[in-house]
Amino acid sequence: QKEVEQDPGPLSVPEGAIVSLNCTYSNSAFQYFMWYRQYSRKGPELLMYTYSSGNKEDGRFTAQVDKSSKYISLFIRDSQPSDSATYLCAMTSSYNTDKLIFGTGTRLQVFP
Amino acid sequence: GAVVSQHPSWVICKSGTSVKIECRSLDFQATTMFWYRQFPKQSLMLMATSNEGSKATYEQGVEKDKFLINHASLTLSTLTVTSAHPEDSSFYICSARDFQRGDYEQYFGPGTRLTVT
């Protein structure tokens, strides 16, 4: 079993839709959770960073963490064609914050 | 701020040759840099962590004699793939931590696509 599971998609939605992206994990030592956006042939760009259960909002993006269920989500409101990219979840443990464990990424396509 | 560059962005080399990839932090000092590999439709996998002025720490299963890492300054780390084989073809991405910020965020470079023929 992989430490981090993420549905690879692709996920295709119309412009303006609410998008829900999810990851599950198996290692209870993970304490820090991140969402990255990666455009084709580019490096990942950090979108959200959380370390506690609950919700964190930043503009159109909301990150949600449920440590009891080992489940994290990223919601994108009012999705735009420019949001079309691959979204990667990543997490680290408190005893090794340098080692990011990534999900496989979910490819999102927002069509006009 | 916090820009990381990589050079080259893509490279094709023949089997058995070596290729060097550079990772630079352009506007900050990076005491720690990381090298990842990403195969198509797979996760980024950490290969090694390099600290300026010391030997790199390699992840289990990564051959240190094949993937030579040098972190000679606070703004430059290099990855040399020695005696490359077609199975080394992949997308190599580096990241760096900003020493002065003191947080855990890693800033990623744009990646280098290596094709070994």
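To be clear, the structure that these remarks concern was listed above.
A brief structural summary. Computed from a prediction, not measured in an experiment: that's the story for all the values here.

## Concerning the packing of aromatic side chains
- What the rule picks out here adds up to eleven aromatic pairs over all chains.
- Here A:Phe102 and B:Phe108 contribute two aromatic rings whose centre-to-centre distance is 6.0 Å and whose plane-to-plane angle is 75 degrees, an arrangement assigned as edge-to-face. Remark: B:Phe108 occurs in strand β10 (residues 106–108) and A:Phe102 occurs in strand β10 (residues 96–102); the pair is interchain, linking two chains. Note on accessibility: A:Phe102 and B:Phe108 belong to one class, buried.
- Centroid distance B:Tyr36 to B:Phe108: 5.5 Å. Interplanar angle 45 degrees. Geometry classified as tilted. With a gap of 72 residues between them, B:Tyr36 in strand β4 (residues 32–38) and B:Phe108 in strand β10 connect regions that are remote in the sequence.
- In this structure an aromatic cluster arises from ring pairing among A:Tyr36, A:Phe102, B:Tyr36 and B:Phe108.
- The ring centre of B:Phe67 lies 6.0 Å from the NZ or CZ of B:Lys66, which sits over that ring.

## A look at the pairing of β4(B)
Residue and element names in this part refer to chain B.
- Among the seven residues in β4, seven count as buried, and that is most of the element.
- Judged by which residues are buried, β4 turns out to be covered on both faces: Thr 32, Phe 34, Tyr 36 and Gln 38 on one side and Met 33, Trp 35 and Arg 37 on the other are all buried.
- Pairing of β4 with strand β5 (residues 44–51), which is carried by seven bridges, proceeds in the antiparallel orientation. Residue pairing for β5: Arg 37 is matched across the bridge by Met 45.
- Taken together, β4 and the strand that follows it, β5, pair antiparallel across an intervening segment of five residues, in which Lys 41 is found at a positive phi of about 60 degrees.
- Bridge count between β4 and strand β9 (residues 90–97): seven bridges; the pairing is antiparallel. From the neighbouring strand, Thr 32 faces β9, where its bridge partner is Arg 97.

## Here we look at the side chain of B:Thr80
- Tracing the backbone shows B:Thr80 in strand β8 (residues 76–81).
- For B:Thr80, the residues in contact, after removing those within four places along its chain, are B:Ser18, B:Val19, B:Lys20, B:Lys66, B:Phe67 and B:Leu68.

## A word on the interface of chain B and chain A
- Listed as interface residues are 20 residues of chain B and, on the opposing side, 16 residues of chain A.
- Overall, the association of chain B and chain A removes approximately 1,500 Å² of surface from exposure, summing both partners, and the carbon and sulfur fraction of that is 54%.
- The largest share of the area that chain B buries against chain A comes from B:Leu44, B:Tyr104 and B:Phe108, three residues that together contribute 31% of it.
- On the surface where chain B and chain A come into contact, there are two salt bridges.
- Two residues, B:Arg97 and A:Asp98, come together in a salt bridge whose shortest N-O distance is 2.3 Å.
- Our enumeration of links across chain B and chain A arrives at eight residue pairs in polar contact (both at pLDDT 80 or more).
- Looking at the side of chain B that touches chain A, the element that brings in the most residues is β4(B), giving four residues.
- A breakdown of the residues in the side of chain B that touches chain A according to their chemical character gives nine nonpolar, six polar and five charged.

What counts as what
- Residues numbered from 1 in each chain as written.
- Chains lettered and ligands numbered in written order.
- Predicted model: local features only at pLDDT ≥ 70, side-chain atom pairs only at ≥ 80, totals over all residues.
- Heavy atoms only, no water.
- Phe/Tyr/Trp six-rings, centres within 6.5 Å; stacked < 30°, edge-to-face > 60°.
- Helix = DSSP H or I, 4+ residues; strand = E, 2+ residues; numbered from the N terminus.
- Buried < 20%, exposed > 50% of the residue type's maximum accessible area, 1.4 Å probe, protein only.
- Lys NZ or Arg CZ within 6 Å of the ring centre and 35° of its normal.
- Pairing = 2+ DSSP bridges.
- Contact = heavy atoms within 4.5 Å.
- Buried area = accessible area lost by both parts, 1.4 Å probe.
- Salt bridge = Lys/Arg side-chain N within 4 Å of Asp/Glu carboxyl O.
- Polar contact = N/O pair within 3.5 Å; in protein donor to acceptor, adjacent residues only side chain to side chain.
- Nonpolar A, V, L, I, M, F, W, Y, C, P; charged D, E, K, R; others polar.

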